[in-house]
Structure formats: structure tokens, C-alpha cells
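Remarks on the overall topology
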Amino acid sequence: MHRFASKSLLFSLPKWKALTVLFRLSNGRFNVPQMPLYCSRYGERTIAFRAQRLQKSIIRATKRSKASKSFLQGEDHAHIMWWQERMDKCKKPSCVQLVKRLKYSNLLGLDESLRSGSLKEGTLNCELLQVKSKFPREVLVCRVGEFYEAVGFDACILVEHAGLNPMSGLRSDTVPRAGCPVMNLRQTLDDLTRSGYSVCIVEEVQGPTQARSRKGRFISGHAHPGSPYVYGLAGADLEVDFPEPVPVVGVSHSAKGYCLISVIETLKTYSIEDGLTEEAIVTKLRTRPHHHLFLHISLRHNCTGTHRWGEFGEGGLLWGECTDKNFEWFDGSPADGLLCKVRDLYGLDKEEIFRNVTVSSEKRPQPLYLGAATQIGCIPTEGIPSLLKILLPSSCTGLPVIYMRDLLLNPPMYPTALSIQESCKLMSNISCPIPEFTVIPATKLVKLLESKEANHIEFCRIKNVVDDVLYLYGKSDLNPILQSLLDPTWVATGLKIDCESLVNECRLVSHRIGEMISLQGERVQATSSVPCIPGEFFEDVESSWKGRVKEIHTENAIKEVERAAESLSLAVTEDFLPIVQRVKAVMSPHGGPRGDITYAKEHEAVWFKGKRFVPSVWGGTPGEEQIKRLIPATDSKGKNVGDEWFTTEKVEVALNRYHEANARAKAVVMDILRGLSTEMQIKINVLVYSSMLLVIAKALFAHVSEGRRRKWVFPTLKEFDRSAGSTLSWENDYMEIVGLSPYWFDAAQGNAIQNTVKMHSLFILTGPNGGGKSSLLRSICAAALLGICGLMVPAVSAVIPHFDSIMLHMKSYDSPADGKSSFQMEMSELRSIVTRATARSLVLVDEICRGTEMWKGTCIAGSILETLDNIGCLGIVSTHIHALFNLPLATKNIVSKAMGTEKVNGRTKPTWKLIDGICRESLAFETAQNEGIPEAIIRRAEELYLTIKDAQTDLEKIDGAKGHRTHQSGITCLYDRSDCLRPEGNESSSFENVSIKGTDIDALTSNGLSKYEDDHAPHDSMKFRRLCVTNEGCGESSTSSSHVMSLSAERQRLLQNAGRAVTIICQRKLNELYVQKCIAALAEISCVTVDSKEQPPPSTIGTSSVYVLVRPDLKLYVGQTDDLIGRVRTHRSSEGMQDVPFLYVVVPGRSVACLLETLLINQLPLQGFHLSNKADGKHRNFGTCHLTLEGSALAQ
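None of these values were measured; they are calculated from a predicted model.

**Some points on the overall build of the protein**
Within the protein, the secondary structure is distributed over 36 helices and 38 strands. Considering only residue pairs separated by 6 or more positions, the protein has 72% of its internal contacts joining residues 24 or more positions apart. With the model as given, the accessible surface of the protein reaches about 52400 Å², and the carbon-plus-sulfur share is 51%.

**Quick notes on the packing of helix H6 (residues 153-161) against helix H7 (residues 185-194)**
It is the contact of H6 with H7, at a shortest axis distance of 10 Å, that shows an interaxial angle of 90°. Looking at the two axes, H6 sits roughly perpendicular to H7. Of the residues in H7, those touching H6 at Ile 157, Leu 158 and His 161 are Thr 188, Asp 191 and Leu 192. For the contact of H6 with H7, the residue count by class is three nonpolar, two polar and one charged.

**A few points about the pairing of strand S15 (residues 594-600)**
Successive residues of a regular strand alternate their side chains across the two faces of the sheet. The sheet contact formed by S15 and strand S16 (residues 605-611) spans seven bridges and is antiparallel. Looking across to S16, one finds that Gly 595 is bridged to Gly 610. The antiparallel hairpin formed by S15 and S16 contains four residues in its connecting segment, where Glu 604 sits at a positive phi of about 50°.

**Focus on a nonpolar patch on the surface**
Taken together, the side chains of Tyr 1074, Val 1075 and Leu 1082 make up a nonpolar region of the molecular surface, amounting to roughly 290 Å² of accessible area. Here Leu 1082 lies in the loop between helix H33 (1049-1075) and strand S35 (1087-1090). Looking at Leu 1082, the relative accessible area reads 36%, which means it is partly exposed.

**Details of the packing of aromatic side chains**
Within this structure, the stated rule accounts for 19 aromatic pairs. Judged by centre distance (5.7 Å) and plane angle (90°), the ring pair of Phe 327 and Trp 329 falls under edge-to-face. By relative accessible area, Phe 327 is classed as partly exposed at 23%. Judged by centre distance (6.0 Å) and plane angle (40°), the ring pair of Trp 744 and Phe 745 falls under tilted. For Trp 744, a relative accessible area of 26% gives the class partly exposed. These aromatic residues form a ring-pair network of at least three members: Trp 82, Trp 83, Tyr 104 and Phe 153. The ring of Trp 490 carries Lys 496 above its face, with NZ or CZ at 4.1 Å from the centroid. Over the ring of Tyr 734 we find Lys 758; its NZ or CZ atom is 5.2 Å from the centre of that ring.

**Considerations on the pattern of salt bridges**
Taken as a whole, this structure holds 39 salt bridges when the rule is applied. Between Arg 177 and Glu 149 there is a salt bridge, with the nearest N and O atoms lying 2.9 Å from each other. One end of the pair, Arg 177, is in strand S6 (residues 177-181); the other, Glu 149, is in strand S5 (residues 147-151), and 28 residues separate them in sequence. Owing to a relative accessible area of 21%, Arg 177 belongs among the partly exposed residues under this scheme.

**Points about the sheet that holds strand S24 (residues 805-809)**
Each strand in a sheet pairs with its neighbour through backbone hydrogen bonds, running either in the same direction (parallel) or in the opposite one (antiparallel). Pairing is mixed in the open sheet, where six strands are placed in the order S24-S25-S26-S22-S27-S28. Pairing within the sheet leaves two strands with one partner each, and these edge strands are S24 and strand S28 (907-916). Across the sheet, the mean angle separating the axes of adjacent strands is 20° when strand polarity is ignored. Where strand S25 (residues 841-845) lies against strand S26 (residues 874-878), four bridges are found, and the strand directions are parallel. Note on S26: the bridge partner recorded for Val 843 is Gly 875.

**So, the confidence of the model for the protein**
Should pLDDT be low for a region, the predicted coordinates there are not to be read in detail. Across the protein, the average pLDDT comes to 78, with 78% of residues at 70 or higher. Note that pLDDT drops below 50 for residues 304-308; the model gives that stretch eight contacts with residues more than four away or on any other chain. The low-confidence segment residues 950-1047, where pLDDT is below 50, has 259 contacts with residues more than four positions distant or belonging to other chains.

**As for the environment of Leu 655**
Tracing the backbone shows Leu 655 in helix H23 (residues 649-681). With relative accessibility at 0%, the residue Leu 655 sits in the buried group.

**Regarding a positive patch on the surface**
A surface patch of positive charge is lined by Arg 594, Lys 609, Lys 611 and Arg 612. Along the polypeptide, Lys 609 turns up in strand S16. On the basis of relative accessibility, which here comes to 32%, the residue Lys 609 falls in the partly exposed class.

**Some thoughts on the side chain of Asn 106**
Take Asn 106: it is sitting in the loop between helix H4 (93-99) and helix H5 (124-134). A polar atom in the side chain of Asn 106 sits 3.1 Å from the backbone nitrogen of Leu 108. For Asn 106, the contacting residues outside a window of four places in its chain are Ile 80, Leu 119 and Phe 153.

**Overview of the packing of helix H17 (residues 479-493) against helix H24 (residues 684-709)**
At a minimum axis separation of 9 Å, H17 and H24 run at an interaxial angle of 115°. The orientation of H17 with respect to H24, classified from their angle, is roughly perpendicular. For the pair H17 and H24, the crossing hand works out as right-handed. Touching Ile 481, Leu 482, Leu 485, Leu 486, Pro 488, Thr 489, Trp 490, Ala 492 and Thr 493 of H17 are Val 688, Tyr 689, Met 692, Leu 693, Ile 696, Ala 697, Leu 700 and Phe 701, all from H24. In the contact of H17 with H24, the residues fall into 15 nonpolar, two polar and no charged.

**Comments concerning the sheet that holds strand S17 (residues 631-632)**
Strand order in the open sheet formed by four strands is S15-S16-S18-S17, with antiparallel pairing between adjacent strands. Two strands close off the open sheet at either side, each with one partner strand: S15 and S17. Sheet topology note: the S17/strand S18 (residues 645-647) ladder contains two bridges and is antiparallel. Bridge assignment links Ile 631 to a residue of S18, and that residue is Thr 647. Seen against the sheet, helix H21 (residues 577-585) touches S15 and S16 and runs at an angle of roughly 140° to S15.

Scoring rules and cut-offs
- Residues numbered from 1 in each chain as written.
- Predicted model: local features only at pLDDT ≥ 70, side-chain atom pairs only at ≥ 80, totals over all residues.
- Heavy atoms only, no water.
- Helix = DSSP H or I, 4+ residues; strand = E, 2+ residues; numbered from the N terminus.
- Contact = heavy atoms within 4.5 Å.
- Areas by Shrake-Rupley, 256 points an atom, 1.4 Å probe, with all protein chains shown as cover.
- Axes fitted to C-alpha atoms, helices over the stretch in contact; angles between N-to-C directions.
- Parallel < 35°, antiparallel > 145°, perpendicular 65-115°, else oblique.
- Nonpolar A, V, L, I, M, F, W, Y, C, P; charged D, E, K, R; others polar.
- Pairing = 2+ DSSP bridges.
- Patch = residues over 30% accessible without salt bridge, like charges linked within 9 Å, V, L, I, M, F, W, Y side chains within 5 Å.
- Salt bridge = Lys/Arg side-chain N within 4 Å of Asp/Glu carboxyl O.
- Buried < 20%, exposed > 50% of the residue type's maximum accessible area, 1.4 Å probe, protein only.
- Phe/Tyr/Trp six-rings, centres within 6.5 Å; stacked < 30°, edge-to-face > 60°.
- Lys NZ or Arg CZ within 6 Å of the ring centre and 35° of its normal.
- pLDDT = per-residue confidence, 0-100.
- Lys, Arg positive; Asp, Glu negative; His and termini not counted.
- Charge placed at Lys NZ, Arg CZ, Asp CG, Glu CD.
- Polar contact = N/O pair within 3.5 Å; in protein donor to acceptor, adjacent residues only side chain to side chain.
- Left-handed = near helix turned anticlockwise from the far one by under 90°.

Have a look at this one:
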């Protein structure tokens, strides 16, 4: 019954305290009086008395408040503006209508001119405003009868984010009001905290009040993101789930890099991570939900010196991440300044102490970079297989998953990684049973114990936690596991506890809880039972306190309840039973008397319920006297329950006595539970440490189980001491993974392609589209990350050095919100990689510099390769830019690797196997066709491809290469020559500083080419000749004028002049290459013409050649190929090109052919020839080649 609720509450509360209210100025801030509401942070619920003296004090305080009204408005202006920003974001139509009735002149947003908007003293709004002044940025809900209500700003938030309807509809003459029923409070709080809001809950004192007086109210608690509302849990038979802790986060910048400060108010702890990169900061912000974000003013000054943060360079990625979030600036010392903000935010005392749980980051690997975290699925990313989901079985959820995620994002130090690996190895080999590993969030432990709201269920779970630790310690097979888990637990909690101290404290906690709490399996404490009263009544009333603590601690209370139950039974027997017997004795058809002793569940009472039982004639029969003593039953407010419910004064007295006895018994139990909470607070560090130890144990056991199922192995983890510039040690400084398979494939099912990777330095990886380059990089990244974390890897065997950072860069997309193109985003990520990589880093870059113009992108990629090689890191850079192999790179240790291909039914297909060498096959057309590109588009693409030459996709151009050198890495490069670079349209230019066999031709002009040939022809084999091929394919040399005359006179003259120019230009270049020892032997040029009805001889198959085709418009087309017959057939299959003649020269190797092709494209226009593909010569990345002695010798 409600009338007993206040009596029950009195026994669970401290003594009532008289409160005085004073205005005071503290640190220049005006403090609003808190009465009649008394605020208690952790559940000390003190009820506000409404004494006459207190009312006078409030009146005086209110008068002073009016005098200081303007000052208050200025002080609260920032908070009001904060609420206005949130009101502007409301989208629901009903909420938008409420927002229109707000007034931004007070913290509640109330318009005093509207109905129910008065803020005068004595009103509920005035009391709420006092609470709001202490917690200005929390949503305020207040208990009013059977509802929790909110007004003003808070009502709008409830409508927008909790899905509630406005009270009083959408009437425009009332202030915004909204609320939820008492039973729906927790759901409403969950909705608000999920939306990022904190909530302050004001309860009202239950029970009768004086006439025309308002009920007393008090702040019962707060709900924050990651920290739910716990008021009343001590007396409840339920368990509240605590989500992942949500800290307050601050970001600052210094000379060491970025700094992230995380503060968890519930635990009263903070941690500092400094020396972070911009990508690491963004990764942490994306993976860690945060309650509030504060940015230090040091971020406003980036490396470019601009005050507009994020405008250029470093800081742009972080700025883009923060622009869509609600953040505030703060100044001063980053750590102290943020703690001050937290104290203000949560309404804590200025002296509230927070414990620093920072673990030294010295020799700890860098946090996982944003690119790596997204590309292996540590941060959920669409289309990317999640490494986190594969590490653990699907049945493993909650805290163990969170721990594994944090472990991957923040790899541990080398000793800690060894400890984790040792634990996993021990777990893999044990044969004895293991405990269930009871896990409790640390925030839940702290909040329940400090608020004294831990119930018997939670104490049983706490005992299970310490008992699991004792079980590990007591088993000889499990004891080494416990020892090896101590170091990882220290890193995770910041608490250092030795094994013996831990075990001793756990024993004390287990023993103490076992002494006080009724444990599962013990004898159930029976509820009272009497024949004439429904057993459900006693069960409902007594179950609120029985079975929670051991019976020995509540013996007196139990006896008192039993006596009260007997008195109630006696009263019911004497007053109700005769009436029931009288009714049952009357056997009548429908319409006869009805009546019985009934349990009124809603009112927690036992009454007589009946009708037509009053006799029409009183004859002194049994039961008549009892009927005369019946009175109508009333509820807690004195209203009649109904026409059928009756009681007697004697039963009511007995009922009140029984409820009072139960209230005292419950108070005894609550005192025991709260006293035990106080005792456990002393052991809070041990409990937090033990719970985290079991979280880690559960996570690692689950990982080992899944790893064994997938047939993963433990790698050999070794310390990595290589430094920049040190001599490469091929015996010690390497990573080797044998039988590596993609982590998202299940090797146990035999469907994975395995590769072996032995890496001493940087690899340049080439391969076709769909050949497995990206998959290989992801697989290596995942294996290395798992290895340095001490976990199992998807391989047959592995040796993994403990890298100080693992950086994976995959494809980049543009970021319109940041105003950055995909290439800008790529450069931003590569900047972080290059500037932070060390000799102990693993760098994996996929498709480097593919988002910009090819030549400049190639040069940037080459410079990055030189930088990484100079740093000495391990890694892989994959590319389709084959011109990288032609650049004069100053590298020492780079190795070329490729993804293999094979011929299957005449078609080239990838093998997905890593091999040595270079792969120039892209399979671009095949890939496009497989993805459904129309056949006509692909055929046209093949034609265009043949038109612009193979060299455009395979090689890069360095115009006028004057030589080459071979690096220690095996990469051969050509040097630029300025004499081969001509201004466009300079038709009068001539060759400069070139010679053929020592002959100077500086004075050579466009009309002196034939004269030079006549005077300086080396020998007969260099003279211009023609080759005639019969229809049967038999070729023979001929100078018959009949074949030449088959051409038009103009085309004949053009072909002859082109032949002379091609012969001289090509021979001159071959002589130069021979002098520089770029080719093994001096080759002599033989220029051959093929008429319109002729075909090249079979001897051209498999040899490299450069050809010049005379188009019908008398323009020349220059190309090179290894399949002259096929290329000519392709050209002649085009419309209007069926009869075109051409000339060609055979050269020693494709590399030389590419070089000569580029040279001719640039030089022939200077001699007056018109080229149809002249534009190809303008691209600095066109026609470059990879010239090697080996290739030239083979061609010879």
C-alpha cells in the first residue's frame, strides 16, 4: 500500500537533516540556492524538510536573486546558447512546434508569460531551476506522481530523442512539457544517453503530505552515456547492464605530436597518450565513443602557422573528424584544464581527485593507423572483412571483444606481448577444466559500490569473480596462466598488484561476502504461510528482502515479521472467515451471495471481496456480527477502492503492523547490503583488477579456441633492434611467414591460397588486376599485427619482429566535407607514414600515387621509395606504375616481387602466388569483361590500346634518356637528355651535339639529311632498302622500281625521306647506348618497307621492332611492338587503313624499342614530318623503358 511506502523509505534513509540556504559568492560565481532540493552525488538521499524557517529563508534568497538577475543571465549565457544549438537541430514536427514556445532567458527555457511557466518561489519550476543551475547541461526529469516530467529545453529533448509525446498536446498557450510513466523511466534514460545526453533525475518523497503542501524532492542520481541510473537497485531483484565506458576526451598538440586525454568520471581515472600522429588520434576518436569532446587551443596553430585550423597540411584530417561533432575549446595545462572541465560538467567538488592510470608509452608500438584499422576491419568498414570478428568465436561478446579491439588498436610493449603469447600457449595445451570467467565492467563495480546500490545479485557476482581468480591460483595447470596474465592486466588497468597480494585480498573478499550474502544453492528462506490468507500476498511482500542476506543476520526482524503475520492471520480469521463460511453455506442459484478473502495485489492488502452477502433480515445467525463490523476498503489516498472491497479496523491494524515489520526487516537488509558496499569500497582496486584479469583470460581463451579451430599458429616473436642507417643483417633483421593465408579465409576448410613471405627490406610488388596484391598486403598487415600483440596468426609458421608501428595504406577516396581530393587524402596519409616510419616499422602501401598525373605521380612514388629505403623499414609497395623501374632511384635494398600468372586454355589468369621479378600484365581488359563491361567497349578499348602502344601502360617516359645505371637493388634507370626535349612547334630545330661514329652533325638541317646520308653512310647494310613479300609468304629483297611506283609519288617520297631519317636517328642512338655499355653489341639498323599489299616476314615474330606507318592523310604513325604481324593486321582492320604502307626496323630488345619509339616521336616532327600521334611525345610518362644488359643480349 502506498501509505506504507514512506515508512519503508524512512528506514532506508539517513536521519533527516535540517538544511539552511545561504547565497554565497565563490570564485566570482553566483551559486543558486539548492533548497528545497538537496543534491547528493552517490546516492546519499537526504529529504528536504519544509520547515517554516526554511520557507522564510527561501523568500529572502529569492529577493536577492531578483536583484542579481542580470548577473545570473550573463553567467548562464554560455549554457543557454549551448541549449539553443541543440534546439536548432530538432527535426520532429512536434518538437519544432515546442521549440517555438521557448524563451532563451533562463536555463529551463521557460516563457513566464505562458501557462504553467511561472518561476516564482514555491513553484515546481523554481525548484527545477535550482537543480538546473547546478547541472546546466543535463536533461532534468522530475518525479510527479506516476510520471517523470520535463519542461522547456528538457521537454523538447524528450520528444526529439525519446519518442515521447508532448503533454497538453500542442497547445500554444502552455510551456513545453513532456514525460513518461514511472515504469518506462529506464527506457527513456537509455534513449537519451544513447543520443549523448546526461540526465539528472529528481525523485519525490513517497507517502502522505500535509494539506496544500508540496512533496519533498531530492536528486536521486544521474544517467550518463556509459553510466546508467542505479537508484533503487539495492532493493531490486534485477541486474542493470552497463555499456562500454564513455569517457570525456580532450585533444591537444605539442612538439611531441598530438595528445589524447581520456577521463572516466565513474572510475575517477584519467589517462594520457602523447606523441600520437594525426591518424592515430582520428582512429581513437572513431573507435571510442566519448561523452564530451574538448579541443585544446594549441590545435589552432598548426605547422603552417595559420590560425585557421585545418586549412593546410597537418591537422586537416583531425579537423574534418571534429567538424561534425560537438566540441568545446579549453586552455591552460591540457590535463589539469580537462579535469576542471570534467568537475564542472558533472557537478563535482573542486577537490575531487582523479587517479592517473597512464602506462608509459616508451618502447610501446604506435597505435594502429587509421588506414590500417579500417582496411583490416578493426574499425567496421563496409566491404572489408573484420579481423575482430574472426579472432573470436561468434558466441564471445561484450567485454572480451572490447578488450581485443583495444589490444589491436594499441599494440602492447614487447614484454607484455610475450606474456600474452605465453598465456595463449599455456591455454592451448591445458587439459583440465577452466572456470566460466565471470566478468563485471569496472564502471559497474565502482558506481554500485560507491552509490551503495549493489544488491545481493551483484555481490554474488563479485564473489564469483574473486573465486575464479582463486580457482586459477589453486590449479597447478592454471596457476602459470594466472601469473602470465598479471602484466597485461597492469597495462589495461594501470594497477600494479603482485600475485600473492591479489590472492590474499580475493580470499578476504570471498570470505566476507560468503558470511553476509545468501548464496545460490543454500537453503531458501521460506515466506510466511497461514491457511486463510493467500500465499501470494506473503510472497510478494516478503520477497523484497528475504533470501538476500543470511538468516542469522536478520533473526530478530524475521521473528517480528512472523509475529505480525500471525496477528494478521488471527484478525482475518476472526473478522473475515465467519462471513466466508456464511456465504458458502448458502447454496443458491445465480444471483446468490458471493464473498471470499482476497489479495488486492495493487494495494498490497488482504481484504474481503464480496456482494449480496448482507442479510435482508438480521436474525442473529453466525457471521452477522462480523458483517456489521465491515467498512469500505480505501487506498493510500483515502479513496474507496470499490463497492466489493471491505475490511475491518482490526484487520487494518494488523495489516499495518505486518507492513511495518516488513519495512523494518527490509531496512535491516538494506543496511547490511550498504554496509557491505562500504567494506568493498576499500577493496575496489582489487576488484577492478580481478575483473579485468578475467576479461583478458576469457578473451584469450576464446581466441585460442577459435585459432586452433582455424589451424592458426603461434609466431616466434623477437625483439627488433634495427636502427636507421644501420647495416642490414640478413640473419636477424627479417620477417618470415610460411604458408600465410588471408585471415578471412578458413584454412581448416582448405579454401585458402597460401604464400610464403621472407622480408629483409622493402618490396616493390607488381601484378595483374585481381592478382591478389591488396589481399596479400592485408594478410601481411593482419599477421604482423596479431604477432606483435602476442596472438595466433593465419600461417603454417612465422617469425615476426616486434615492430614499433604497422602502417597500411590502401586506396583513398575524396572527402568533400574536408574539401580534399582523393590524391590529397592519399598524400596526407603518406605524409604520416613517411614522417613517422622508422627502421623498426612495417610499411604497406597499395597502388601508390595513382590519383594524379602519371609522370609526376611516378616521381613522387620514386622519391617515397628512396625515403623508405633510406629509413630501412620492412614493407611492400605495390604498383601498376612500371616506369618506377626506369627512374634513377638511389636505393640499396629494394627487391622486386610479383603476383604470378599462368596460361589456362589460352587465357592468362592470376595464380595469387608471390614470386620473384616484375609482372607487366595487368589483365585490365579481362577484368573489365568479367565485370560486365559491354563487348563493344572492350573491343574499342583494345583498338585504342594498340594505337597508343603497349609502352604507355607498361613504362614511363624520360625524354631523351642519355644513359643508365644499375642500382644494387637491381633496378636499371635511364637518364634524361636535354637534347631530346624540344619545344612544341619548333620546326626549325635540328639535332644538337649528336654524332654517329664520332661524326659531328651539329650543322644538320631539315634539307641536309639526304646529303648527310650520301656523304656518311657507314656501309651498304645501313642503306635504305625494301623487302617484297609474295602472297605465298616467301620474302625476298628487291629494289625493283615497279613496287615503288605502285605508291603515289607523294607517298613514295614521304616514305623514302622517313626511312632515311629513321635510319640515322636510330643508328645514332644505338651507337650512343653501345658507348655507354647499355647494350652488349653494336647493332646495325636495317630499315625495311612493306607495301600496301604486303605483310612482314615470319622472322619478325618474337622480335622487337619499331615501325612507321604512312596514313592516307600522309601523316606518320610511330609505334613499337613484339608482334609486328599482329599489330599491322590490327591497324589495317580499321576503316580507311586497309592499304597503308609502313616501314620498320628490328632492334635489340623491347626496352630499346620503347626508347627509340619515344625518340622518333619527338625528333621526326623537328625534321618536318607530320605525326598523328605527336601528342604521345608530350607525355613525359610515355615510352620510357627498362633497359638492361640481359634483355639486350637476349635480343641480340
